[in-house]
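Here is what each chain is made of, one letter per residue.
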Amino acid sequence: MTALVFNLTEDKSFRFRGDLANQLQRAAMSIPDNIAEGFERGTTPELIMFLYGAKGSAGEVRSIGHVLDRLPAFAHLKSQISDLQARASSISRQIAGWAQSLRETDIRGQR
C-alpha cells in the first residue's frame, strides 16, 4: 500500500495543497514501520502495542482518503482513492486479527 500512496501523491493535484501528500505518505509508511519496530522489540506486549500504532496509521490513511474523496480537485483519482481506502481497511482488519491472536496466546516474554 505504501508504494500505492507514493504513486498517488505524485499526481499534480497534490501540489500546493499544503502538507497533504506528506501526511498521507507518513501515515502509510508508519504502518510497516510500526510492525517492524514492534517485532524487533522482542516481547509480545510490545509487539501488540506497536500493532495498534500501525492500525491507527491505517485509520489515518482511510481518514485522509475520505477527505480527498470529497475534494473536487481529486475527483479524477476517485478509483485510486477508493482502492487505497479498501486496502487500508483490509490491513486494519488483518492487524486487529493478529493483535487478537497475540493477546490470546500463552506465549509471553521474549519471542
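These figures come from a predicted structure and were not determined experimentally.

Cut-offs and rules
- Residues numbered from 1 in each chain as written.
- Predicted model: local features only at pLDDT ≥ 70, side-chain atom pairs only at ≥ 80, totals over all residues.
- Heavy atoms only, no water.
- Helix = DSSP H or I, 4+ residues; strand = E, 2+ residues; numbered from the N terminus.
- Contact = heavy atoms within 4.5 Å.
- Core = buried A, V, L, I, M, F, W, Y, C linked by side-chain atoms within 4.5 Å.
- Buried < 20%, exposed > 50% of the residue type's maximum accessible area, 1.4 Å probe, protein only.
- Expected span 1.5 Å × (residues − 1).
- Bend = angle between axes of the 7 residues up to and from the residue.
- Salt bridge = Lys/Arg side-chain N within 4 Å of Asp/Glu carboxyl O.
- Axes fitted to C-alpha atoms, helices over the stretch in contact; angles between N-to-C directions.
- Parallel < 35°, antiparallel > 145°, perpendicular 65-115°, else oblique.
- Left-handed = near helix turned anticlockwise from the far one by under 90°.
- Nonpolar A, V, L, I, M, F, W, Y, C, P; charged D, E, K, R; others polar.

## Notes on the side chain of glutamine 85
Okay, step 1: If you trace the backbone, glutamine 85 turns up in helix α4 (residues 78–103).
Okay, step 2: Excluding residues that lie within four positions of it along the chain, glutamine 85 makes contacts with Arg62, Gly65 and His66.

## Focus: the nonpolar core
Okay, step 1: Within the largest apolar cluster, 25 residues are counted, with the highest numbers of intra-cluster contacts made by Leu8, Phe14, Leu24, Val61, Leu68 and Phe74.
Okay, step 2: Elements with a contribution of two residues or more to this core: α1 (2–8), α2 (20–41), α3 (44–70) and α4.
Okay, step 3: At eight residues, the largest contribution of residues to this core is made by α3.
Okay, step 4: If we ignore the near neighbours within four places in the chain, the residues touching leucine 24 are Val5, Leu8, Thr9, Phe14, Val61, Ile64, Leu68 and Leu84.

## Things to note about α2
Okay, step 1: With 22 residues, α2 extends 31 Å between its outermost C-alpha atoms, agreeing within 8% with the 32 Å of an ideal straight helix rising 1.5 Å per residue.
Okay, step 2: In α2, a bend of some 30° at serine 30 exceeds every other bend along the element, and proline 32, a proline, comes one to four places later.
Okay, step 3: Two residues or fewer past α2, glycine 42 is found with a positive phi of approximately 95°.

## Some points on the pattern of salt bridges
Okay, step 1: One pass over the full model with this rule turns up five salt bridges.
Okay, step 2: With its nearest N and O atoms 3.0 Å apart, the salt bridge here joins arginine 87 to aspartate 83. Residue arginine 87 and its partner aspartate 83 are both found in helix α4; the two are separated by four residues, about one turn of the helix.
Okay, step 3: Overall, the relative accessible area of 30% leaves aspartate 83 in the partly exposed class.
Okay, step 4: Residues joined in a network through salt bridges with shared partners are Glu37, Arg41 and Glu46.

## Description of the packing of α2 against α4
Okay, step 1: In contact at an axis separation of 13 Å, α2 and α4 are set at 25° when each is read in the N-to-C sense. The orientation of α2 with respect to α4, classified from their angle, is roughly parallel. Considering how the two elements wind past one another, α2 and α4 form a crossing that is left-handed. Judged by residue contacts, Leu24, Ile31 and Ile35 of α2 engage Leu84, Ile91, Ile95 and Trp98 from α4.
Okay, step 2: Here the residues of the contact of α2 with α4 sort into seven nonpolar, no polar and no charged.

## Here's the deal with the side chain of serine 57
Okay, step 1: Tracing the backbone through its elements, the reader meets serine 57 in helix α3.
Okay, step 2: Contact partners of serine 57, with chain neighbours within four places excluded, come to Ala27, Ser30, Ile31 and Asn34.

Shape is all these values report; function is a separate question.
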